[in-house]
Amino acid sequence: MNTPPRLVLGIETSCDETAVAVVDEQRVIRADLVLSQIVLHQPYGGIVPEIAARAHLDHLDELIAKALADAGIGFGDLSAVAATGGPGLIGGVIVGVMTAKAIALARNLPFIAVNHLEGHALSARLSHDIAFPYLLLLVSGGHCQLLIVEDVGRYTRLGTTIDDAAGEAFDKSAKLLGLGYPGGPAIERAARTGDPARFPLPRPLKGRPGCDFSFAGLKTAIRQLVEKWPPGAIGPQDVSDVAASFQAAVADVLTDRTANAIAAFKRRHPSGSNLVVAGGVAANTVLRERLATLAAAHGLALVAPPARLCTDNAAMIAWAGIERLQRGLTDPLDFAPRPRWPLDPTAAPARGAGVKA
Ligand code: KG4
Ligand code: ZN
């Protein structure tokens, strides 16, 4: 008799999206809901952690009920409950973890605390049939890292940002240009009709050895550039040209650092064949094109999950839960949510201001 594939409920509440998904171990996403809180935070010009946590609390139960209904299942059909256990805004993480623990306790199901970064790192194995090890460029609003994904739970960090994350640079530059939040999609849209060569912007760390990143100087250059126009005088074509020049600079830097990481990856795993790009910024088409060319030049395939799996979602958390469940890696109900949780705890700390975990 065939046993049905195991199903895992995933919960993501570490930032400003309340997300719930049901995924099965044959890589079918049975339900995938994302509720954005953007309008709640807009009046404050950034995410307010208290508001985020309360909004997660207000909506999580109904989203879980809807996800189960979408999947056509009840709690009794689940094999485990997985929730983001960190890193992230701790109030929100606590809401997701407490909810998952309550379901696990009431239904006698295994509980799995997933590292949000591991969710991004393994998302490519949900969308594509790829084996370990692979090289990962993780580029999101909070993180910018190059890692070798050796196996579930085993990561070697090759580099990280010494100041801002790539997505943060997109968001801050978009704000300076008067484009909306989130900035990445807005800049990409504006850049489509812009001239990427009009403004020669800096490429921090480009050409230097190693795999670390820096974006603070680029953001400052954008501010100085924008301030050259009298208030209100910057025209739509100027905005498009700045956006295109900025996007080209970011893509240049990311490609340059990734080239160094490919060399390190090949030294360690000569037969490794995949470069994966994940996280919200991986939705950017110009970046994807540049990385595909780079990967091909080094005999690697570029694997990029669909945009919906790149930005924050719960399907990747449910999938990481499945990978962990399959290896018996479940967590006790006294797991403590972690505001900081590096994927490679042995990595040397990056030097610089504002370093993220
Ligand atoms: O992974 P994610 O949804 O959340 C975090 O864990 O941070 O990433 C969100 C980030 C935001 O900074 C957003 O501006 C950026 O991803 N982003 C993009 C694009 N779509 C989203 N950046 C560049 N181009 C895009 N198309
Ligand atoms: Zn994320």
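Report on the accompanying structure. (Residues numbered from 1 in each chain as written. Chains lettered and ligands numbered in written order. Predicted model: local features only at pLDDT ≥ 70, side-chain atom pairs only at ≥ 80, totals over all residues. Heavy atoms only, no water.)

## Examining the side chain of His269
Topologically, His269 is positioned in the loop between α8 (236–268) and β9 (274–278). Looking at His269, the relative accessible area reads 19%, which means it is buried. Only 2.7 Å separates the side chain of His269 from the side chain of Glu150, close enough to count as a polar contact. With residues near it in sequence (within four places) discarded, His269 still touches Pro133, Ile148 and Glu150. (Helix = DSSP H or I, 4+ residues; strand = E, 2+ residues; numbered from the N terminus. Buried < 20%, exposed > 50% of the residue type's maximum accessible area, 1.4 Å probe, protein only. Polar contact = N/O pair within 3.5 Å; in protein donor to acceptor, adjacent residues only side chain to side chain. Contact = heavy atoms within 4.5 Å.)

## Comments concerning the pattern of salt bridges
Within this structure, the stated rule accounts for 20 salt bridges. Of the charged contacts, one joins Lys172 and Glu168 as a salt bridge, the two residues approaching to 3.5 Å between their closest N and O atoms. In this pair, Lys172 and Glu168 both sit in helix α5 (residues 166–176), four residues apart, roughly one turn of the helix. Shared partners join several salt bridges into a network, and the residues in it are Arg125, Asp151, Glu323 and Arg327. (Salt bridge = Lys/Arg side-chain N within 4 Å of Asp/Glu carboxyl O.)

## Topic: the sheet that holds strand β1 (residues 7–12)
Spatially, β3-β2-β1-β4-β5 is the arrangement adopted by the five strands of the open sheet, whose pairing is mixed. Strand pairing shows two members of the sheet lacking a second neighbour, β3 (29–36) and β5 (111–115), which therefore form its edges. Taking each pair of neighbouring strands and ignoring which way they run, the sheet shows an average axis angle of 20°. The pairing of strand β2 (residues 17–24) with β3 spans seven bridges and is antiparallel. By the bridge assignment, Val22 is partnered in β3 with Ala31. On the sheet, helix α11 (residues 315–326) packs against β1, β2, β3, β4 (80–86) and β5 and is oriented at approximately 45° with respect to β2. (Pairing = 2+ DSSP bridges. Axes fitted to C-alpha atoms, helices over the stretch in contact; angles between N-to-C directions.)

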